[in-house]
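Structural features, examined
Here's the letter readout for the chains.
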Amino acid sequence: MSRGIEERVFEIPLLCDGNDCARCSLKLKDGLELVKGVDDAHLDAGASTVTLRYDPNIVSFEALGKKARSLGCTLAEQFGHKTLTLTGLDCADCALKLEKAVQRLPGVAWAAANFAASKLSVEYEANKVGLDQITNVIKKLGYGVEDVPGEKKGSFWARNIKTVLTTIAGIFLSLGLLSLALGSDSGTSNIFFAISIAAGGYFVARSSFYALRMFSLDMNFLVTVAVIGAMIIGEWLDGAMVLFLFAIGGVLESYSMERTRRVIKGLIEMVPAQARVLAGGQEKTLPVEEIEVGDVVVVRPGEKIPMDGLVINGVSSVTQASVTGESMPVDKEAGDRVFAGTINNNGSLEIETTHISGDNTIAKIIHLVEDAQAHKAPTQLFTEKFSRYYTPIILILAALVIVVPPVIFGLPSSPWIHRALILLVVACPCSLIISTPVALVSAIGNAARQGILVKGGAYLEALGAITVFAFDKTGTLTSGDPEVTDVISLDGQSEKEILALANAVDSRSEHPIARAIAQEASLREVENIKATDFQAVPGSGAHAMVGGEVYFMGSWKYFSNRLLPLVAKPDILHLEEAGKTVVFLGTEKKLIAALALADQIRPNAAEALSTLRGMGQNHLIMLTGDNEPTAATIAKGLGIDAFHAELLPEDKVGLIKSLEKRYGSVVMVGDGVNDAPALASATIGIAMGAAGTDVALETADIALMSDDISKVPEAIKLSRRTMRIIQQNIIFSLGVVVLLVAATFSGYLNLTLGVVGHEGSALIVIANGMRLLKQ
């Protein structure tokens, strides 16, 4: 997906945590090259440097630093990564100009401005350039930066100066029109128009001046040239009208885009600012920023949970839609994980904090969404590259329109000058530039609200077109926890008696089979029997004393080799052929029972796969480390034709690579922890159940916060809908430009109508992209 995107090379001092650099170099090189977007990592142990060749539109330096730390090394902190929230960014073309200006600063490695999100993400060498220098460049171009440390907010008038000047421009434009209507001489009305131009054109002229200094000709420059030209030929009304309508269009665009930007603000506002902390038997209210890991917070019914943590006391149901996208409340009791920003419904809870406020799940979601919005998709990069060549061409064309008709054909110059000025306004590709980012920002924000975290527009663009999906079995297509399916008596006991004995023997075991037996015993309400002298036999089973006799639980191999070598194996072939795990219960003298367990298919897995097939995803493949019979049983139950069993993690990676060679692109769906290598190797990796799992959030390209596999087809639908809207926007934008240019040359368009057409097309593109905010 990075084809055609420029890659950059940086040398970064490498600090290893007490290890020999030569020894850890290979591990670091291999680990970094697994990261999507990294083309090559060349290490020089002697010089203690690593030269990274990577695509900053896919992976940030911050993400590379995290990966290096996970491999036991630390990239020196000479590089900074910051996402700044901008104010006053009122056109897409201006965002590109700002991006270019920041990138020109010595020491800035990468910068990406996003008009739709009003954000600027920047990576820089801290020993060459400071954040204050970056913010100074932003301010010189006429834009503000929110939340700058130590900076006081200006007055109301200072914060709203553009609106004030636009209002003044509108008032004096109205006075000029009134003057003309009352029959006053043109000199009087032109004075009003001149004041209107001065007020409405202040920021436009200032931005065009800085654009000219950087040889970056944006919409502000084109409008400035058009207005100056209008004044020169005596069309003061047209000049004033153009600037006023241009300013109004900017205000309307900013207002519309604010709805899109509110997605992030909404996530931030989900978390309460304060919490009740229990200390020494007393409750005290503290700001969430002051609460530390290990503190106990009290949450009453109907309140939002302020911190990530574990329930230590109380029972309730919690609505987790804000984090996982689950619409139904989830029951919580002691030992269960809860997330900040979710709603406690009907019981009081005491929660032990596991993360500080700046490191909770909501904070990570916000960071990932902002990071995703900063990384540009291929379509966006194409439209921006197109506009860089397009604008100078329009300037040259406008100059030819002024010169050629009068000089070569002897036509009057005045109407052609007027048409050239109109051309400068109508041909600017603002709506084209914004056609992609507004759709992607809206879609990524919408997905985040549904518990689907998309790490970048490139993944959202590509997802809908891929037809090959590889699914890990355990924990993805199945629940990941075995359940008791059969209880078979071999000595006359009832099923409840067998479960009571089995539960007693395994009562102190942490094995998944023991938990499954305990769950089944609880569901059937069997009697709790006390066991003593418990001892686990690794890889085989366990035994314990119950009622004065030693009972054993384990595999047939355990019993036949160590306990009852002369006893014939019971007829359980049908259970094994069904892919079930069979354990036996007995004593040193006899077998008592056999219990069969199976990893259950998720309730909505078959429906989700059926939906995928209906959407054209015909190549669905299951990967598992389980044995062949178990894999065949699960595959049959899900209607999957192709599966690969008994795979080690490295086998899954090899299989993903072979599928990519055969089909071109592959989506891997797994749990994000055990499947991390395969997820990283796939074209797109989707991790399920990522809430509260740092590894999954960092590894996956798309992270599903809940264990709901039906979110996979939902993500594909959103991807396809996004691409449809992007295509609509691009076609509409180009069509409007062609129509306006044609109307200009045919003489049917004046400056005022040209501005209306230009600004109107931008507003329509924004409105169309914002449809993706809907569920």
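Everything here concerns the structure above.
Definitions and limits used
Residues numbered from 1 in each chain as written. Predicted model: local features only at pLDDT ≥ 70, side-chain atom pairs only at ≥ 80, totals over all residues. Heavy atoms only, no water. Core = buried A, V, L, I, M, F, W, Y, C linked by side-chain atoms within 4.5 Å. Buried < 20%, exposed > 50% of the residue type's maximum accessible area, 1.4 Å probe, protein only. Helix = DSSP H or I, 4+ residues; strand = E, 2+ residues; numbered from the N terminus. Contact = heavy atoms within 4.5 Å. Axes fitted to C-alpha atoms, helices over the stretch in contact; angles between N-to-C directions. Parallel < 35°, antiparallel > 145°, perpendicular 65-115°, else oblique. Nonpolar A, V, L, I, M, F, W, Y, C, P; charged D, E, K, R; others polar. Arc of directions from axis to C-beta. Salt bridge = Lys/Arg side-chain N within 4 Å of Asp/Glu carboxyl O.

**Focus: the nonpolar core**
Of all hydrophobic cores here, the largest spans 77 residues; its most connected members are Leu-463, Phe-469, Phe-471, Ile-684, Ile-686 and Val-712. Element by element, the count of residues in this core is highest for helix 27 (residues 711–746), at eight residues. Not counting chain neighbours up to four residues away, the residues in contact with Ile-684 comprise Lys-36, Tyr-459, Ala-462, Leu-463, Ile-466, Val-666, Val-667, Met-668, Asp-701 and Ile-702. Core analysis: the second largest hydrophobic core is formed by 39 residues, Val-204, Val-227, Val-401 and Leu-751 among them.

**Digging into the packing of helix 12 (residues 378–409) against helix 27**
Following both chains from N to C, one finds helix 12 and helix 27 inclined at 0°, their axes separated by 14 Å at the closest point. The angle between the axes of helix 12 and helix 27 places the two elements in the roughly parallel class. Between helix 12, through Thr-379, Thr-383, Phe-386, Tyr-390 and Val-401, and helix 27, the contact on the second element is made entirely by Met-723, Ile-726, Ile-730, Leu-734, Val-737 and Phe-745. Its residues assigned to classes, the contact of helix 12 with helix 27 comprises nine nonpolar, two polar and no charged.

**A look at helix 23 (residues 628–638)**
For helix 23, the set of buried residues is Thr-630, Ala-631, Ile-634, Ala-635 and Leu-638. Burial along helix 23 is one-sided: seen end-on, the buried residues are contained in an arc of 130°. The inward-facing, buried residues of helix 23 abut helix 17 (473–477), strand 20 (478–489), strand 25 (591–601), helix 22 (605–614), strand 26 (619–623) and strand 27 (642–644). The first or second residue beyond helix 23 is Gly-639, which carries a positive phi of 75°.

**Here's the deal with the pattern of salt bridges**
Here the structure, examined in full by the defined rule, presents eleven salt bridges. In this structure, Glu-303 engages Arg-276 in a salt bridge whose closest nitrogen and oxygen atoms are separated by 2.6 Å. On the criterion of sequence distance, the pair formed by Glu-303 in the loop between strand 11 (296–299) and strand 12 (309–313) and Arg-276 in strand 9 (residues 274–279) is long-range, its members being 27 residues apart. Using a relative accessible area of 22% as the deciding quantity, one classes Arg-276 as partly exposed. A salt bridge links Asp-486 to Lys-580, with the shortest nitrogen-to-oxygen separation between them at 2.8 Å. Here the residue Asp-486 occupies a position in strand 20, and Lys-580 occupies one in the loop between helix 21 (573–577) and strand 24 (581–586), the gap between them amounting to 94 residues. By relative accessible area, which is 22% here, Asp-486 ends up partly exposed. With relative accessibility at 24%, the residue Lys-580 sits in the partly exposed group. The network of salt bridges with common partners includes Glu-495, Glu-520 and Arg-524.

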